[in-house]
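One-letter residues, chain by chain:
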Amino acid sequence: MKTDKTFTLRNDETGEEFKLPVLDGIEGPSVIDVRKLYGETGYFTFDPSYTSTASCKSRLTFIDGDEGVLMHRGYTIEELTENSTFLEVAYLLLEGDLPNKKQYDEFEHHITYHTLVHEQLHKFFQGFRRDAHPMAVMCGVVAALSSFYHDSLDIWDPKQREISAHRLIAKIPTLAAMAHKYALGQPFVYPRNDLNYAENFLHMCFAVPAEPYHVSPVLARAMDKILILHADHEQNASTSTVRLAGSSQANPFACISSGITSLWGPAHGGANQAVLAMLREIGSVDRIPEFIEKAKDKDDPFRLMGFGHRVYKNYDPRAGVLKASCDEVLDELGVENEPLLAIARELEKAALADDYFVERKLFPNVDFYSGIILKAMGFPEEMFTVLFAVGRTVGWVAQWKEMIEEPTLRIGRPRQLYTGPAKRDYVPIDKR
Ligand code: CMC
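Just so you know, these numbers come straight off a predicted model, no measurement behind them.

Colleague: Describe the sheet that holds strand β4 (residues 61-64), listing the residues and the values that go with them.
Modeller: The 3 strands are arranged β4-β5-β6 in an open sheet whose pairing can be described as antiparallel. Since the sheet does not close on itself, it has two edges, and those belong to β4 and β6 (75-76), each with one partner. Two strands pair when backbone bridges link them, and strand β5 (residues 69-72) and β6 are joined in this way by 2 bridges, in the antiparallel orientation. For H72, the partnering residue across the bridge sits in β6 and is Y75.

Rendered as structure tokens:
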């Protein structure tokens, strides 16, 4: 929001001063509006990795990294995971408010009746090797949705935008479950309309045609919570990727596929898979000090996976909810002694007591405990990041929609500080 406040920038060479407007948000730090800076001064700002740049306005999600607070549309993540279903949170992110009963029923109906994917899409899976990483499969099949649903590709038509949003949220669990089944060599399981979103997802992942499958309500609730915790996280790498792709007016299926590719990396959503690999490598509690030392050693590329965050300089509130959920899920599954959980708990304690982690304010993030729950539920490690993508799709879609509905939408086009050779004469190949 516009304020009367300004920020003065002084060129020490010429003594010239430039006043830049300051904008206030509802919460969080104010921003210096540099949009006219280049036109008026001939200078760009330099902020690789965006440590000091607000790339857009958004009404969806607020993070107070110092206090460890995450809110969607003003509601804390703790309240939402405690009281809401994933679809309620999806509605909240898309529409701005929690739904009343009628709105919820309608929304659930729309999502439920879009869960089937075009039968021909099944054939795409056969093109992948069985041992392909399911994230590779997801990048391909989600982008392929744009070749099936031509009737919802006009991004300027609000009705088509809504249908695409519903299709993406509805079909992503179906595609994720298909990627899982394909890797196992088992038949795809069709969605069931009598089950809720999380139940249906577990059913499609774990049912086999040979016998009935009972969805545990405790596991379905835990899955629902995991999806809520991953639903949105303001302008992270994958969301910014979706926004940048969407700013060129690309169709939403293509944009969400670009978000999936960005999520895959171990510094982002791929960390949940990397955490389990790390815990297995540590192997026993007595080797924790050795790995803490490795993580601190600047000559060693090893980092504590599931630790640290660009924005949180406090406990990630999502990690707190998941840590509590671990016991519930392991109890339900009758797992009395999960050695990786014991290592994770001790590793957390050791890191939080170590000056290196304390000084840098490195705490467990959302990926630290989620893998232990997902492993206990029966998901292979390669599926962990796919599950992150299932939850995050609603955030990507809501952020994409918010951007398209912004009247001032323009293509995103960062600039650079060129450090290559200055202009030079071309040398023919026989003279090089
Ligand atoms: N282990 C050891 N040292 C670390 C770690 C870690 N996990 N994370 C940060 N540091 C150190 C880093 O070396 C640097 O030290 P120094 O100041 O001496 O150079 C300092 O802490 C600041 O770190 P940074 O790399 O400048 O921070 P960043 O904001 O660029 O990176 C991060 C954030 C999440 C990529 C990073 O903390 C990390 O690599 N964590 C492990 C991967 C991970 O868990 N990612 C999931 C993030 S949360 C979910 C999501 O977004 O998908």
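On we go.
Colleague: Can you explain the layout of surface pockets? Please cite residues and give values.
Modeller: In this structure, the second largest pocket spans a volume of roughly 180 Å³. Going through the elements one at a time, β2 (17-23) and α1 (37-41) are the ones with two or more residues in the lining of the second largest pocket. Looking at the lining of the second largest pocket element by element, the count peaks at 4 residues for β2. Residue composition of the lining of the second largest pocket, grouped by class: 4 nonpolar, no polar and 6 charged.

Colleague: Describe the pattern of salt bridges, with residues and values.
Modeller: One pass over the structure, following the stated rule, counts 25 salt bridges. The salt bridge partner of R221 is D224, with a shortest N-O separation of 3.2 Å. Note that R221 and D224 are positioned in helix α9 (residues 217-229) at a spacing of 3 residues, about one turn of the helix. Measuring nitrogen to oxygen at the nearest pair gives 2.7 Å for the salt bridge that ties D327 to R345. Placement of the pair is D327 in helix α14 (residues 317-332) and R345 in helix α15 (residues 339-352), with a sequence separation of 18 residues.

Colleague: Lay out the site of the ligand in plain terms, naming residues and giving numbers.
Modeller: H268, R303, L304, G306 and R310 are the nearest of the 22 residues found near the ligand. A distance of 2.9 Å separates an oxygen atom of the ligand from a polar atom in the side chain of K298. Within the complex, the protein chains bury 74% of what would otherwise be the 930 Å² of accessible surface of the ligand.

Colleague: Provide a residue-level description of helix α17 (residues 367-377), including the pertinent values.
Modeller: Across the 11 residues of α17, 10 count as buried, placing the element largely inside the fold. What α17 keeps buried is the set D367, F368, Y369, S370, G371, I372, I373, L374, A376 and M377. Where α17 is buried, its residues meet α8 (197-206), α9, α12 (271-282), α14, α15 and α18 (384-404). Looking at the residues trailing α17, positive phi occurs at G378, about 110°.

Colleague: Describe in detail the side chain of H203, supporting the description with residues and values.
Modeller: Here H203 lies in helix α8. On the accessibility criterion, H203 (8% relative accessible area) is buried. Non-local contacts of H203, meaning those with residues more than four positions away in its chain, are made with V189, Y190, R192, L195, Y213 and V215.

Rules used in this analysis
Residues numbered from 1 in each chain as written. Predicted model: local features only at pLDDT ≥ 70, side-chain atom pairs only at ≥ 80, totals over all residues. Heavy atoms only, no water. Pairing = 2+ DSSP bridges. Helix = DSSP H or I, 4+ residues; strand = E, 2+ residues; numbered from the N terminus. 1 Å grid on protein atoms, 1.4 Å probe; cavity = no way out; pocket = protein on both sides within 12 Å on 5 of 7 lines; lining within 4 Å. Points joined across faces, edges and corners; volume = space filled by probe spheres on them. Nonpolar A, V, L, I, M, F, W, Y, C, P; charged D, E, K, R; others polar. Salt bridge = Lys/Arg side-chain N within 4 Å of Asp/Glu carboxyl O. Near = heavy atom within 4 Å. Polar contact = N/O pair within 3.5 Å; in protein donor to acceptor, adjacent residues only side chain to side chain. Areas by Shrake-Rupley, 256 points an atom, 1.4 Å probe, with all protein chains shown as cover. Buried < 20%, exposed > 50% of the residue type's maximum accessible area, 1.4 Å probe, protein only. Contact = heavy atoms within 4.5 Å.

From the geometry alone we can't say anything about function, so treat these as descriptive.
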